Amino acid sequence: MAQILDGKKVSSDIRSEIKSAVSAFIAKGEPVPGLAVIIVGDDPASKVYVSQKKKNAEEVGFHSEEIKLPHNASRNQIISEIQRLNNNSAIHGILVQMPLPDQSDQQAVIEAISPRKDVDAFHPVNQGKFLIGIDSFLPCTPAGVIELLKRYLVEISGKKALVIGRSNIVGKPMSLLLLRENATVTIAHSKTKNLESEISDSDIVVAALGKPHAIKGEWLKKGAVVVDVGMHRIDDPNAPKGTKLVGDIDYGNYTDKLAWYSPVPGGVGPMTIAMLLSNTLKARNDLCRKTV
Ligand code: NAP
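Residues numbered from 1 in each chain as written. Predicted model: local features only at pLDDT ≥ 70, side-chain atom pairs only at ≥ 80, totals over all residues. Heavy atoms only, no water.

Quick look at the overall build of the chain
This is how the line gets drawn: Numbering goes from the N terminus for both helices and strands, where a helix is a DSSP run of H or I of at least four residues and a strand is a run of E of at least two. With C-alpha atoms as the basis for the radius of gyration, the globule rule is written as 2.2 Å multiplied by the number of residues raised to the power 0.38. The buried label goes to any residue with under 20% of its type's maximum accessible area, the exposed label to any with over 50%, and the partly exposed label to all in between, with areas taken from a 1.4 Å probe on protein chains only. Only heavy atoms matter for contacts: two residues are in contact if any of them lie within 4.5 Å across the pair. Computed by Shrake-Rupley with a 1.4 Å probe, the accessible areas treat only the displayed protein chains as cover when residues are assessed. Charged residues are defined narrowly, with Lys and Arg counted positive, Asp and Glu counted negative, and His plus the chain ends left uncounted. Here the site of a charge means atom NZ of a Lys, CZ of an Arg, CG of an Asp or CD of a Glu.
Looking only at helices and strands, one finds nine helices and 13 strands in the chain. A compact globule built from 292 residues should have a C-alpha radius of gyration of about 19 Å, and the chain, at 19 Å, falls within 12% of that. With the principal axes as the frame, the chain shows a C-alpha extent of 50 × 40 × 40 Å. Counting every position in the chain, which comprises 292 residues, the buried fraction comes to 46%. In the chain, of all internal contacts separated by at least 6 residues, the share reaching a separation of at least 24 is 68%. Of the roughly 14,400 Å² of accessible surface on the chain, 51% is carried by carbon and sulfur atoms. In the chain, 36 positive and 32 negative side-chain charges are present, and the distance between their average locations comes to 3 Å.

Right under this line is the structure:
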């Protein structure tokens, strides 16, 4: 019988640990971590993500700021907000909600964030440090997957791991983190031949291809550990609001043969926010240490 990788529970545990750390800062009269989130435009999905981040930050006792800019904000306007936050000592983590309305400016905006405050770990300085294994922020979603596996004491070392997807924010860093944990890693992408046979040969499968229910439960190996990063809202006339959240994997009736699996919702999603808070706490600690 498979066991569930319960991201909701683990995320709640991590948030409690962070809350305790913040209470200790307050008791000693020390600065609490500060997180600023910039949102450009009014994309409904982005608004939901930003309000969740703000709510979670406030719940653990962080100082939290939300900066709303109009959808036609210029690149210079966004960058000048970032520079203001780079120089604000009450802010330790800065995040710009992606995608930006004008995606051509995305890289310039990312690079304007001080690498010391780059809690999404998108800045090339942090990506480079991560690649060569120097202490840095870790990208939130892949770091959340590793933390979820570790909290359940799932063995990674020596296992054959398959990461499906090679994006800069999920697939690539996910494969590097699994490699760091001594897995033997294969990366699949849209040009991979015979994905089904790659899946059926893997001890650990992390699905991050962004296609609802594209991976079938019957393809998974007996005893496999399976993590579903996908997140899609699809129509479902039987659901109370007419829609439901699903992942990239259609487990069907095949969960019983697995060792561990993560559900959607309640798997990787809550872990991503927990890792964002954890990165902000790290930013605060690193910055405060530097100024002592
Ligand atoms: P993305 O940028 O669209 O990348 C998708 C990757 O999957 C690409 O590398 C693509 O290959 C590969 N791919 C597409 N179709 C494939 C197929 N049929 N077989 C094998 N590989 C295929 O997506 P992303 O940003 O990495 O996100 C992936 C999923 O994770 C999405 O559902 C997203 O919503 C979800 N997500 C969840 C969280 C969370 O907190 N839970 C956070 C971030 C993302 P090519 O490179 O060849 O095009």
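Quick look at helix α6 (residues 140-151)
Structural remark: α-helix, 3.6 residues per turn; residues separated by three or four positions point the same way. To be explicit about the condition: Here a helix's expected span is defined as the number of its residues, less one, multiplied by 1.5 Å.
Here α6 spans 16 Å end to end across twelve residues, near enough to the 16 Å set by a 1.5 Å rise per residue. Of all twelve residues in α6, nine are buried, a share of seventy percent or more. Where α6 is concerned, the buried positions are Cys-140, Thr-141, Pro-142, Ala-143, Gly-144, Val-145, Ile-146, Leu-148 and Leu-149. Once α6 finishes, Leu-153 follows within two positions and takes phi at roughly 55 degrees, a positive value.

Observations regarding helix α3 (residues 75-86)
In this model, α3 (twelve residues) spans 16 Å end to end at C-alpha, consistent with the 16 Å of a helix rising 1.5 Å per residue. For α3, the secondary structure elements touched by its buried residues are β2 (34-40), β3 (63-69), β4 (93-96) and α4 (106-112).

Topic: the state of the cysteines
Definition in use: We call a pair of cysteine sulfur atoms a disulfide when they lie within 2.5 Å.
All chains considered together, the criterion is met by zero disulfides. Looking at the unpaired Cys-140, the closest cysteine sulfur is the one in Cys-288, lying at 19 Å. Residue class for Cys-140 comes out buried when judged on its relative accessible area of 6%. By relative accessible area, which is 16% here, Cys-288 ends up buried.

What about the sheet that holds β4?
Our working definition: The pairing criterion for strands is at least two bridges between them, as found by DSSP. Fitting a line to C-alpha atoms yields each axis, with helices limited to the stretch in contact; the angle taken between N-to-C directions then spans 0 to 180 degrees.
Here we have three strands laid out as an open sheet, ordered β3-β2-β4, and parallel in their pairing. Edge positions in the open sheet fall to β3 and β4, since each of these has one partner strand only. In this sheet, neighbouring strand axes are inclined to one another by 15 degrees on average, regardless of whether the strands run parallel or antiparallel. Pairing geometry for β2 and β4, over four bridges, is parallel. Residue pairing across strands places Ala-36 opposite Ile-94, the latter belonging to β4.

Side note on a nonpolar patch on the surface
Rule in force here: Patches were defined on residues exceeding 30% relative accessible area and lacking a salt bridge, with like-charge contacts within 9 Å and nonpolar side-chain contacts (Val, Leu, Ile, Met, Phe, Trp, Tyr) within 5 Å. Only one rule defines a salt bridge in this text: a Lys or Arg side-chain nitrogen within 4 Å of an Asp or Glu carboxyl oxygen.
Taken together, the side chains of Leu-131, Ile-132 and Ile-134 present a nonpolar region at the surface, about 320 Å² in accessible area. Tracing the sequence through the fold places Leu-131 in helix α5 (residues 124-132).

A look at the site of the ligand
In plain terms, the rule: Residue proximity to a molecule or strand is established when one non-hydrogen atom of the residue lies within 4 Å of it. Polar contacts, as counted here, are pairs of nitrogen or oxygen atoms within 3.5 Å of one another; within protein the pair requires one atom able to donate a hydrogen and one able to accept it, and residues that are adjacent in sequence qualify only if both atoms are side-chain atoms.
The immediate surroundings of the ligand are formed by 21 residues, with Arg-166, Ser-167, Ser-190, Lys-211 and Thr-272 found nearest. In the environment of the ligand, a nitrogen atom lies 3.0 Å from a nitrogen or oxygen atom belonging to the side chain of Lys-211. Here an oxygen atom of the ligand and a side-chain polar atom of Thr-272 are 2.8 Å apart. Protein contacts shield 69% of the accessible area of the ligand, which totals 930 Å² for the unbound molecule. Sort the elements by how many residues they give to the shell around the ligand and helix α9 (residues 268-291) lands first, with three residues.

Digging into the side chain of His-123
Considering the arrangement of structural elements, one finds His-123 in the loop between α4 and α5. For His-123, a relative accessible area of 8% corresponds to the buried category. Aside from chain neighbours lying at most four places away, what touches His-123 is Ile-110, Glu-111, Ile-113, Pro-115 and Asp-118.

What to know about the nonpolar core
Let me state the cut-off plainly: Among buried residues, those of type Ala, Val, Leu, Ile, Met, Phe, Trp, Tyr and Cys that are joined through side-chain atoms within 4.5 Å constitute a nonpolar core. What marks off one domain from the next here is an automatic or database domain assignment.
Judged by nonpolar contacts, the single largest core of 49 residues is most densely connected at Leu-5, Ile-18, Val-145, Leu-149, Leu-178 and Val-206. Built from parts of two domains, this core gets at least three residues from each of domain 1 (29-115) and domain 2 (140-269). If you look at the next biggest cluster of nonpolar residues, it comprises 20 residues, including Ile-38, Ala-73, Ile-91 and Ile-94.

As for the sheet that holds strand β9 (residues 225-228)
Strand order in the open sheet formed by six strands is β1-β13-β9-β7-β5-β6, and the pairing between neighbours is parallel. Of all strands in the sheet, those bounded by a partner on one side alone are β1 (3-4) and β6 (184-188). Note that β9 and strand β13 (residues 260-261) share two bridges and pair parallel. Within the sheet, the bridge partner assigned to Val-226 lies in β13 and is Tyr-261. Each of β5 (160-164), β6 and β7 (204-207) is contacted by helix α7 (residues 171-180), which is oriented at about 170 degrees to β5, the strand it contacts most.

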